[in-house]
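Fold and geometry: a report
Each chain, letter by letter, is given below.
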Amino acid sequence: SQKIEQNSEALNIQEGKTATLTCNYTNYSPAYLQWYRQDPGRGPVFLLLIRENEKEKRKERLKVTFDTTLKQSLFHITASQPADSATYLCALDRGGNNRKLIWGLGTSLAVNP
Amino acid sequence: EPEVTQTPSHQVTQMGQEVILRCVPISNHLYFYWYRQILGQKVEFLVSFYNNEISEKSEIFDDQFSVERPDGSNFTLKIRSTKLEDSAMYFCASRARADTYGYTFGSGTRLTVV
């Protein structure tokens, strides 16, 4: 069955540094890979979607890479701020007419002032 | 910015009782979903809904679960006879047709079965 692994440990970084989060998966070939932010007690908030034929996607301070050979995505937040502290979820999306998301457990990020 | 609205935010119910969780998806979205997240665990797919019918349902979505879009705006999840293990956050989500869009999730309903 499919397996999605994200950084198992919580990530603590200093404000202004770049946070890098990892998502690895097995036994799946997603058409898209998505990243979401989740705050405690809240629903996931969509951040970025990258297609299987794309290597990199950027949005403001966010950058996602996608390597379908390694079955890995990296999610970067540059110039991190305390407000970026949250759990970040990786989700695989099979695409097509009948899309659904398969989720990782998430990585908790704390940005210290 | 358009939002997916879920009510109630918190529901406590006795085991064996029926609950209805309500959602108002974004008005021009066409695809609707229910996901759930048990505390400390991954978000799990329950069901997808398109064109007034279920597109797919997971193993979790057994005969005790049903969904309905009764009036073109609301989207409901009914659990007929709740069990303790149904306690979780339930998220409604919707998305537009375009492939490049992600999903918009509601803030969730925390269901506690006692």
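This text goes with the structure placed above it.
Throughout what follows, the structure given in this document is the object of discussion.

Calculation rules
Residues numbered from 1 in each chain as written. Chains lettered and ligands numbered in written order. Predicted model: local features only at pLDDT ≥ 70, side-chain atom pairs only at ≥ 80, totals over all residues. Heavy atoms only, no water. Helix = DSSP H or I, 4+ residues; strand = E, 2+ residues; numbered from the N terminus. Rg over C-alpha atoms; globule rule 2.2 N^0.38 Å. Buried < 20%, exposed > 50% of the residue type's maximum accessible area, 1.4 Å probe, protein only. Pairing = 2+ DSSP bridges. Axes fitted to C-alpha atoms, helices over the stretch in contact; angles between N-to-C directions. Contact = heavy atoms within 4.5 Å. Buried area = accessible area lost by both parts, 1.4 Å probe. Salt bridge = Lys/Arg side-chain N within 4 Å of Asp/Glu carboxyl O. Polar contact = N/O pair within 3.5 Å; in protein donor to acceptor, adjacent residues only side chain to side chain. Nonpolar A, V, L, I, M, F, W, Y, C, P; charged D, E, K, R; others polar.

**Describing the overall build of chain A**
The number of helices and strands found in chain A is zero helices and eleven strands. Listing the helices and strands of chain A from first to last along the sequence gives β-β-β-β-β-β-β-β-β-β-β. Relative to its length of 113 residues, chain A is compact, with a C-alpha radius of gyration of 14 Å against a globular reference of 13 Å. The C-alpha extent of chain A, read off along each of the three principal axes, is 45 × 30 × 20 Å.

**Considerations on the pairing of strand S4 (residues 31-37) of chain B**
Residue and element names in this part refer to chain B. Across the seven residues of S4, seven count as buried, placing the element largely inside the fold. Taken together, the seven bridges between S4 and strand S5 (residues 43-50) define a ladder with antiparallel strand orientation. Bridge pairing in S5 places Gln37 opposite Val43.

**Some points on the sheet that holds strand S7 (residues 65-68) of chain B**
Residue and element names in this part refer to chain B. If you trace the four strands from one edge of the open sheet to the other, you get S1-S3-S8-S7, paired in antiparallel fashion. Both outer strands of the open sheet, strand S1 (5-7) and S7, are each paired with one neighbouring strand and no more. Along the sheet, successive strands turn relative to each other by an average axial angle of 15°, direction set aside. Judged from the five bridges that link them, strand S3 (residues 19-24) and strand S8 (residues 75-79) form a sheet pairing that is antiparallel. Of the residues in S8, the one forming a bridge with Cys23 is Phe75.

**Looking at the interface of chain B and chain A**
A common way to state how big an interface is: give the accessible area lost once the parts meet. At the junction of the two partners, chain B supplies 25 residues and chain A supplies 23 residues. Both sides together, the interface formed by chain B and chain A hides about 1,900 Å², and carbon and sulfur atoms give 48% of it. Counting across the interface, chain B meets chain A through two salt bridges. Lys100 of chain A serves as the salt-bridge partner of Glu56 of chain B, at 3.1 Å between the closest nitrogen and oxygen. Here chain B is connected to chain A by nine residue pairs in polar contact (both at pLDDT 80 or more). When residues of the side of chain B that touches chain A are traced back to their parent elements, those giving at least two are S4, S5, strand S6 (53-57) and strand S9 (88-95) of chain B. Residues belonging to the side of chain B that touches chain A are distributed by class as follows: eleven nonpolar, nine polar and five charged.

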